[in-house]
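Chain residues, written in single-letter form:
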Amino acid sequence: MPQLGLLPRKAWVALLSQILRPPHAACPRAVRFHSQVSRTESSRLLQQGLQVAEAVLTSQLKPNQEKSNFIIKTPKGTRDLSPQQMVVREKILDTVVSCFKRHGAKGLDTPAFELKETLTEKYGEESVLIYDLKDQGGELLSLRYDLTVPFARYLAMNKVKKMKCYHVGKVWRRESPTIAQGRYREFCQCDFDIAGEFDPMIPDAECLKIMCEILSGLQLGDFLIKVNDRRIVDGMFAACGVPESKFRAICSSIDKLDKMSWKDVRHEMVTKKSLAPEVADRIGDYVQRHGGVSLVEQLFQDPRLSQNKQVLEGLGDLKLLFEYLTLFGIAEKISFDLSLARGLDYYTGVIYEAVLLQTPNQAGKDSLSMGSVAAGGRYDGLVGMFDPKGHKVPCVGLSIGVERIFSIVEQRMKVFGEKVRTTETQVFVATPQKNFLQERLKLIAELWDAGIKAELLYKNNPKLLTQLHYCENMGIPLVVIIGEQEMKEGVIKLRSVASREEVAIKREHLVGEIQKRLSDS
């Protein structure tokens, strides 16, 4: 029987007309019923029937139409990672996390979403980039924008006064993605934070040391870490004549100097944020200066800045910081840069940002503009914003931009034709004969139980050549071969995939021989 919804309109008219036509005289009951239905009523019933039929037809066709228009893709600003990409990503994360652990950090995790109230008024102008979620039962929620605010909330909620930890997780920002530069709407951050009251600049110096270790370990090429202090930034604004109510807005503009020219930034401050042109020009005299500890000494003598208490406090801490950085052997990687502002509202002291000067595959060419690959700073007041009594816990930390680093590593691998193994399989269990599945399963169970990474083909009777080709393609170093001859002699053949050399090993000595070869390789 055909589906009624798929009948054409003419067929429906014919079918309903048949139902409503006068009955045969031989059926008195039907005659009596039909005589009670007027011609107008018949027409109305026919029209209603057609409307029902069209509704059924539309409901059946609509899903098919929607399906034909549906495009299979990931949402804007997100991406899948292939097995090859996951290998590269995991190596990056291993380098980062092992460095965090080397410096004594504990692991921490927090929910992917927070109460909306937790995240509001923490990010300044960037708050518009927060993803708000639909009300799901009385709580207004948002996806986390970074890992710093959730960490501060954790400290306040659990009344933690001292902690050194690392936190790896995804964050979400509703900004315009630039995939080529590693800028996504969903991305992974790796954070390291030190919470607690300590002597000045020692934790801050360690954060910069960690940043240097990670960027050097990832072999991304030459890099520079810009440092500044929010007290110097705010004091500079005050000394130049910026109204206090405009500090955060002007700070957000200055923070764009790594992407925009001073001319464009000045234009934004004057036209969009109503800053007096002469005030903008005074700011311009400072934000285009950068150097080392000598610049710190110069600013101590600056007639305008030296009158500001905030600036003097910031300069004093930076001078001490450079002493510790020299002891750590990384002072040459650090630049005191007055253009660095870090637009997030919660920073209160030293701020820093790492940029790559040149990627490894671009020797002799222009540097690739990837923006910052790591950043951080001191945020002494953030925890107090969550504490009912306003108790502060001084904090300093850093965040590694995994996605941007991953994009650089991917580019390097393409240039140099580097390949990666997608599995860590050490041994493949093979057979040249039919009906040896049971023996292969027993043998591979022995290897797994001994902690050896092994696999086999999920076939009862695989061809030996197919198995060996699989090992070569997957980069598996060793093959153990079992067959009738090996069973009779109580041995297993151990084959090196690279050299194709085979040796017979006593079954009871096989695990030990494999472990020895793997440890020597």
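Since we're looking at a predicted model, the values are computed, not measured.

Definitions and limits used
- For every chain, the first residue of its written sequence is number 1, and the numbers climb from 1 along that sequence.
- For this predicted model, a pLDDT threshold of at least 70 governs which residues receive local features, and a threshold of 80 or more governs which side-chain atom pairs are given and counted, while totals over whole chains, interfaces and linings are taken from all residues.
- Hydrogens are left out, water is left out, and the side-chain values use all remaining heavy atoms of the structure.
- Here a strand is any run of E in DSSP of at least two residues, a helix any run of H or I of at least four, and the numbering for each starts at the N terminus.
- We call a residue buried when its accessible area falls under 20% of the maximum for its residue type, exposed when it is over 50%, and partly exposed in between, using a 1.4 Å probe and counting protein chains only.
- Contacts between residues were defined by any pair of non-hydrogen atoms, one from each residue, lying within 4.5 Å.
- Only the protein chains shown count as cover for residues, and all accessible areas are computed by the Shrake-Rupley method using a 1.4 Å probe.
- Salt bridge, as used here, is a side-chain nitrogen of Lys or Arg placed within 4 Å of a carboxyl oxygen of Asp or Glu.
- Two strands qualify as a pair provided that DSSP identifies no fewer than 2 bridges between them.
- Note on geometry: axes are lines fitted to C-alpha atoms, helical ones only across the stretch in contact, with angles between N-to-C directions running from 0 to 180 degrees.
- UniProt positions are given in the numbering used here, feature names are shortened, and annotations may be inferred rather than shown by experiment.
- In these notes, a set of buried Ala, Val, Leu, Ile, Met, Phe, Trp, Tyr and Cys residues joined through side-chain atoms within 4.5 Å is what counts as a nonpolar core.

Draft legend 1. Quick look at the overall build of the protein. Across its full length, the protein carries 18 helices and 16 strands. Buried positions account for 44% of the 521 residues belonging to the protein. Here the contacts in the protein between residues at least 6 apart in sequence split such that 69% fall between residues at least 24 apart. For the protein, the accessible area works out to roughly 28,000 Å², and carbon and sulfur atoms hold 54% of it.

Draft legend 2. Seen up close, the pattern of salt bridges. Evaluated as defined, the whole model comprises 29 salt bridges. The salt bridge involving Glu186 is made with Lys170; its shortest N-O contact spans 3.4 Å. Residue Glu186 is found in strand S5 (residues 186-195), and its partner Lys170 is found in strand S4 (residues 163-172); the two are separated by 16 residues along the sequence. Residue classification places Lys170 among the partly exposed positions, given a relative accessible area of 38%. Between Arg248 and Asp234 there is a salt bridge whose closest N-O contact spans 2.8 Å. One end of the pair, Arg248, is in helix H9 (residues 247-254); the other, Asp234, is in helix H8 (residues 230-240), with 14 residues separating them in the sequence. Since its relative accessible area comes to 12%, Asp234 is described here as buried. Among the charged side chains, a salt-bridge network with shared partners connects Arg79, Arg89, Glu403 and Glu410.

Draft legend 3. A look at the sheet that holds strand S12 (residues 427-430). Spatial ordering of the open sheet is given by S13-S12-S14-S15-S16, a layout of five strands whose pairing is mixed. Two strands lie at the open edges of the sheet, namely strand S13 (454-455) and strand S16 (502-506), each paired on one side alone. Strand direction decides the pairing type here: strand S15 (residues 491-496) and S16, joined by five bridges, are antiparallel. When the sheet's bridge partners are listed, Arg495 is paired in S16 with Glu502. Seen against the sheet, helix H15 (residues 437-449) touches S12, S13, strand S14 (478-481) and S15 and runs at an angle of roughly 165 degrees to S12. Across the sheet, helix H16 (residues 464-474) touches S12, S13, S14 and S15, and the angle it forms with S12 is around 175 degrees.

Draft legend 4. Representation of the environment of Val420 in the model. Assignment of secondary structure puts Val420 in the loop between helix H14 (402-416) and S12. It is 9.5 Å that separates the C-alpha atoms of Val420 and Met474, two residues lying 54 residues apart in sequence. Setting aside anything within four residues of it in sequence, one finds Val420 in contact with Gln84, Val87, Val88 and Met413.

Draft legend 5. Highlighting the UniProt feature "binding site: L-histidine" (unreviewed entry) in the protein. Sequence positions flagged by UniProt for "binding site: L-histidine" (unreviewed entry) are, in local numbering, Asp146, Leu147, Thr148, Arg173, Gln189, Asp193, Arg342, Tyr346 and Tyr347. Residue placement: Thr148 occurs in helix H6 (residues 148-157). For Thr148, a relative accessible area of 9% translates into the label buried. Setting aside residues no more than four positions away along its own chain, Thr148 makes contact with Asp191, Tyr346, Tyr379 and Leu382. On the secondary structure map, Gln189 appears in strand S5. Look at Gln189 and you get buried, because its relative accessible area is 9%.

Draft legend 6. Structural detail: unusual backbone geometry. In the Ramachandran plot, Met201 falls in the positive-phi region, its phi being about 70 degrees despite a non-glycine side chain. Tracing the sequence through the fold places Met201 in the loop between S5 and helix H7 (202-217). Unlike most non-glycine residues, Asn435 shows phi in positive territory, near 60 degrees. With respect to the helices and strands, the residue Asn435 is situated in the loop between S12 and H15.

Draft legend 7. Looking closely at the nonpolar core. Among the nonpolar cores identified, the biggest contains 77 residues, and Phe100, Ile225, Phe237, Ile254, Ile283, Phe336 and Tyr352 are the most heavily contacted of them. At eight residues, H7 tops the list of elements feeding residues into this core. Residues in contact with Ile283, not counting those within four places in the same chain, are Phe237, Cys240, Val242, Ile250, Ile254, Trp262 and Leu275. By size, the runner-up hydrophobic cluster in this structure holds 25 residues, among which are Leu119, Tyr145, Ala152 and Val383.

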